[in-house]
Structure formats: structure tokens, C-alpha cells
Amino acid sequence: MGLLENFSSGLFIIQTIIFIILLLVLRKFAWKPIMDAVNEREVTIVDSLNQAKLAKQEVMNLKAENEVIIREAKVERDNILKEAREIKDRIVGEAKDIAKSEGDKMIEQARQSIQAEKSAAMSEIKNQIGTLSVTIAESILKQKLDNDGAQNALVENILNKSNLN
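A few points on the structure.

Things to note about the overall build of the chain
Across its full length, the chain carries three helices and zero strands. Start at the N end of the chain and walk to the C end: the helices and strands fall as α-α-α.

Here it is as C-alpha cells:
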């Protein structure tokens with residue numbers, strides 16, 4: 001019970017008033033700046049989180065856009081390759097057609113040339129046969145052959161000289 005003997009009510013009231021004044025002073029000068037700093041820090045953290053969310057959303061959007069761009073690029077690449085194949089096939093087809101046409105023309109020209117040379121050779125042979133026949137007839141008439149044996153010998157002699165095979 002020694003504690004109650006030392007208790008002084010006046011001292012208690014003064015200490016309580018000092019404590020309340022100290023609380024008011026701390027509230028005005030310390031508590032408010034501390035709370036403002038805490039609130040400001042909280043706002044900064046919330047802003048940072050929001051900015052992080054926005055950045056993450058932007059990254060997701062960019063990733064989606066990149067995927068769309070890559071898909072479009074692949075489609076465009078496939079279209080370009082398809083178009084290139086079609087152009088190649090068309091050029092090869094045209095080249096084949098031109099080559100066939102030119103080949104057909106060359107074959108036709110060769111046929112015409114062969115036919116013309118054949119006709120010229122036949123004409124030449126006919127002329128040579130005609131000339132040979134006239135030469136034989138002249139020789140026969142000139143010699144005024146009396147017998148068949150002499151005529152046959154003369155024809156064989158002329159044929160050997162003209163080199164007909």
C-alpha cells in the first residue's frame with residue numbers, strides 16, 4: 001500500500017494536462033506531417049502500382065499487336081510466294097509455248113526446204129535423163145547403126161560414161 005501513499009492528485013492532474021498539451025502539440029506539429037508523409041507515400045505507391053499495371057497492359061497490347069503483325073507478315077509472305085510461283089509458272093508456260101511455236105516453224109521451214117531441194121534434185125535428174133536420152137539418140141542417129149549389137153554396145157558405153165548408178 002505504499003504506492004497509494006505517494007499518490008498526489010494535484011501532481012496527477014498537472015501531469016495529465018501536460019500529457020494532453022503534449023498530445024496536442026505533437027498532433028499539430030508532428031502527427032500531421034507524419035500522417036501527410038504516410039499518405040503521400042501511400043499515394044505514390046498506389047500510383048506506382050497503377051503505372052505498373054498500365055505498363056503491363058501496354059506490354060500485353062504490344063505483344064498482341066506484334067502477334068497480329070507477325071500473322072499479317074506471314075500471310076503477306078505466303079501471298080508473295082504464291083504470286084511469284086504463279087508468275088514463274090506463267091513465264092515458263094509462255095516460254096514453252098514460244099519454244100514450241102518456234103520449233104514448229106523451224107520444222108515446217110525444214111520440211112519446205114527439204115521438199116524444195118527434193119523437187120530441185122528430181123528436176124535435175126529429169127533434165128540429166130532427158131539430156132542423156134537426147135545424147136543417146138543423137139549418137140545412134142549419127143552412126144546410123146545397122147545392127148542391134150552395135151546399138152546395145154553404144155548405149156552401154158554412154159551409160160558408163162555418165163556414171164548413173
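Things to note about the pattern of salt bridges
This structure, assessed with the given rule, holds six salt bridges. Glu94 is paired through a salt bridge with Arg90; the nearest N and O atoms lie 3.8 Å apart. Here Glu94 pairs with Arg90, and both are found in helix α2 (residues 9-143), just four residues apart, close to one helical turn. Given the relative accessible area of 43%, Glu94 is considered partly exposed. On the basis of relative accessibility, which here comes to 48%, the residue Arg90 falls in the partly exposed class. The salt bridge partner of Arg111 is Glu108, with a shortest N-O separation of 3.8 Å. Of this pair, Arg111 and Glu108 both sit in helix α2, three residues apart, which is roughly one turn of that helix.

Quick notes on a nonpolar patch on the surface
On the surface, Phe7, Phe12, Ile13, Ile17, Ile21, Val25 and Phe29 cluster together into a nonpolar patch covering about 710 Å² of accessible area. By the element assignment, Val25 lies in helix α2.

Reading the values: rules and limits
Residues numbered from 1 in each chain as written. Predicted model: local features only at pLDDT ≥ 70, side-chain atom pairs only at ≥ 80, totals over all residues. Heavy atoms only, no water. Helix = DSSP H or I, 4+ residues; strand = E, 2+ residues; numbered from the N terminus. Salt bridge = Lys/Arg side-chain N within 4 Å of Asp/Glu carboxyl O. Buried < 20%, exposed > 50% of the residue type's maximum accessible area, 1.4 Å probe, protein only. Patch = residues over 30% accessible without salt bridge, like charges linked within 9 Å, V, L, I, M, F, W, Y side chains within 5 Å. Areas by Shrake-Rupley, 256 points an atom, 1.4 Å probe, with all protein chains shown as cover.

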